[in-house]
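# Coordinate analysis (summary)
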Amino acid sequence: MVKEMHHIGLCVTNMEKMMKFYEGCLGLKKVSDSTMKGKFLDTVQGKSQMDYWIVKYETINGIVIELLQDRGHEVEPQRENSLQAAGLRHFAFLVDDVDEKYREIQELGCETISEPCTSEDGSMRLFFVRDPEMNLVEIMQLY
């Protein structure tokens with residue numbers, strides 16, 4: 001039986017840009033910055049010569065966002081991400097004031113998809129922002 005969500009791993013091509021986004025735009029706390037390579041990583045990834053730079057951020061409730069840059073292989077950047085395509089398309093963060101967070105993100109120059117919008121039933125207000133590598137991040141406030 002699955003117990004709980006532990007982390008979300010994002011493979012990245014430019015760690016520095018991604019760190020600026022997750023620390024600056026989202027305000028997440030960095031909890032580790034390390035490297036990993038060797039037989040264990042090669043085995044679990046099913047590929048040889050793996051060499052990861054791993055930076056982890058933790059949310060208040062303990063969910064970890066893990067950024068992984070493979071320095072041992074050429075990695076193609078994500079060219080597009082749409083909520084209408086199959087597969088993992090976004091993840092969400094809860095905030096106390098979605099409009100305040102939207103203003104902060106706009107001031108930092110991060111790309112948003114829309115202004116905050118309230119659901120028809122009035123249960124939530126949210127917007128989406130793209131990180132530097134096209135991943136969609138939902139910022140939401142529940143009522």
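Check the entry above for the structure.
Residues numbered from 1 in each chain as written. Predicted model: local features only at pLDDT ≥ 70, side-chain atom pairs only at ≥ 80, totals over all residues. Heavy atoms only, no water.

## Some remarks on helix 1 (residues 15–25)
Counting along an α-helix, one turn takes 3.6 residues, and residues three or four places apart therefore face a common direction. How we decide: The buried label goes to any residue with under 20% of its type's maximum accessible area, the exposed label to any with over 50%, and the partly exposed label to all in between, with areas taken from a 1.4 Å probe on protein chains only. Secondary structure elements are defined from DSSP: runs of H or I of at least 4 residues count as helices, runs of E of at least 2 residues count as strands, and each element is numbered from the N terminus. Any pair of N or O atoms that falls within 3.5 Å is considered a polar contact. Within protein, one atom must be able to donate a hydrogen and the other to accept it, and sequence-neighbouring residues count only if both atoms are side-chain atoms.
Listed as buried for helix 1 are M15, M18, M19, F21, Y22 and C25. Where helix 1 begins, the capping side chain belongs to N14, and its oxygen is found 3.3 Å from the backbone nitrogen of E16. Where helix 1 ends, the next residue or the one after it, G27, has phi of about 75°, a positive value.

## What to know about the packing of aromatic side chains
Rule in force here: Two rings belonging to Phe, Tyr or Trp (six-membered ring only in the last case) form a pair when the distance between their centres is within 6.5 Å. Interplanar angles under 30 degrees mark stacking, angles over 60 mark edge-to-face geometry, and anything in between is tilted.
Counted according to the given criterion, the structure contains four aromatic pairs. Taking 4.8 Å as the distance between ring centres and 80° as the angle between the ring planes, the aromatic pair formed by F21 and Y22 counts as edge-to-face. Ring geometry for F91 against F93: centres 5.8 Å apart, planes inclined by 80°, an arrangement best described as edge-to-face. Looking at F91, the relative accessible area reads 10%, which means it is buried.

## Topic: the state of the cysteines
Stated formally: For the purposes of this analysis, a disulfide is any pair of cysteine sulfur atoms at a distance within 2.5 Å.
One pass over the full model with this rule turns up one disulfide. Here C25 pairs with C110 through a disulfide, and the sulfurs are 1.7 Å apart. With a gap of 85 residues between them, C25 in helix 1 and C110 in the loop between helix 3 (98–107) and strand 6 (117–118) connect regions that are remote in the sequence. C110 matches C25 in its accessibility class, with the two residues each being buried.

## Some thoughts on the sheet that holds strand 4 (residues 64–70)
Quick note on the threshold: Paired strands, in this sense, are two strands between which DSSP finds at least two bridges. The angle between two axes is taken between their N-to-C directions and runs from 0 to 180 degrees, where each axis is a line fitted to C-alpha atoms and a helix contributes only its stretch in contact. In what follows, a contact means two residues having at least one pair of non-hydrogen atoms within 4.5 Å.
Sheet architecture is open: four strands sit in the order 1-4-3-2, paired in mixed fashion. Across the chains shown, the open sheet's two edge strands, defined by having one partner strand only, are strand 1 (7–11) and strand 2 (29–37). Shown here is a sheet whose adjacent strand axes are inclined to one another by a mean of 20°, direction ignored. In the sheet, strand 1 pairs with strand 4 via five bridges, with the strands oriented parallel. Along strand 4, the bridge assignment pairs H7 with V64. Strand contacts of helix 1: strand 1, strand 2, strand 3 (51–58) and strand 4, with the helix running at about 5° to strand 3, the strand carrying the most contacts.

Purely spatial values, then, with no claim about function.
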